[in-house]
Each structure stands twice: as structure tokens, then as C-alpha cells.
Amino acid sequence: MSDADIDTLKMARVAREAVEDKKAIEPVILDLRDLDTLSVADFFVICSAASDPQLKAIANGVRLTMKDEYDLKPLAVDGHPSSQWIVVDYGDIMVHIFHQDQRPVYALEDLWGDAPRVE
């Protein structure tokens, strides 16, 4: 594992802590680095929110934490609370925040089922 991998893993864990601070439901980190398929990121941080305001609060919490910890701004933020899915994209790390009713519909954990979960 290279230093860059370690830093990216640490950043994914910091992002998970940020969503946990906003009381996200069932946050997980999927490690996509060693999958045989072409991956869009090294890590997915996936969580759920109980309401649209919580979706927004989680996304804002991630952005503030990553800015404070790493001086990073997201490459993109897609979606909004009314879409019930927000993606905060940091390139190697993508934070997916779903309304709890939409997470099973998209089932990212199933689509990326070969990816190990990070503790």
C-alpha cells in the first residue's frame, strides 16, 4: 500500500466520521481499489438520512470537514435534498448520501458487492 493509498483511506474515514457527526444512518465505506472492474473512485462512503434537511446537513458537514481537515473542496456536488440523493465527489472518494427510502432502490452496496467494507 502506498502513502497515497493510506492518505486516501484516512480521508475516507474522516468523511465517514463527518457523516456520523450528523447522525447519518448506517454509514459504510466500500474499498473499490482492488476490484477487477473500472472504478470511478477508490472509496465510496455511503449513508442514509431520515429527512431532506438531514440530507443537506450531512452533505454540508462533509464539505466543511474535508475543507477544515484537508483544505479540499469537492470536484462536484450532484443532486439536492428533493432528489433524495446527494453525491459529494472528491475524485478518489465519493460520498453518497441517500434518503433512507431511496438507498435500497439504488443498492450501491449490492452493485459493488465485491468491494470490501472498511472498518
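Here the structure is a predicted model, which is why all the values come from computation and not from measurement.

Conventions and cut-offs
Residues numbered from 1 in each chain as written. Predicted model: local features only at pLDDT ≥ 70, side-chain atom pairs only at ≥ 80, totals over all residues. Heavy atoms only, no water. Helix = DSSP H or I, 4+ residues; strand = E, 2+ residues; numbered from the N terminus. Rg over C-alpha atoms; globule rule 2.2 N^0.38 Å. Buried < 20%, exposed > 50% of the residue type's maximum accessible area, 1.4 Å probe, protein only. Areas by Shrake-Rupley, 256 points an atom, 1.4 Å probe, with all protein chains shown as cover.

**As for the overall build of the protein chain**
What the protein chain contains, in helices and strands, is four helices and five strands. Taken from the N to the C terminus, the helices and strands of the protein chain come in the order α-β-β-α-β-β-β-α-α. Relative to the 2.2 N^0.38 estimate, which gives 14 Å for 119 residues, the radius of gyration of the protein chain is 13 Å and therefore close to what a compact globule would have. Principal-axis analysis of the C-alpha atoms gives the protein chain an extent of 40 × 30 × 25 Å. For the protein chain, the proportion of its 119 residues judged to be buried stands at 42%. A total of about 6600 Å² of accessible surface is found on the protein chain, and carbon and sulfur atoms cover 48% of it.

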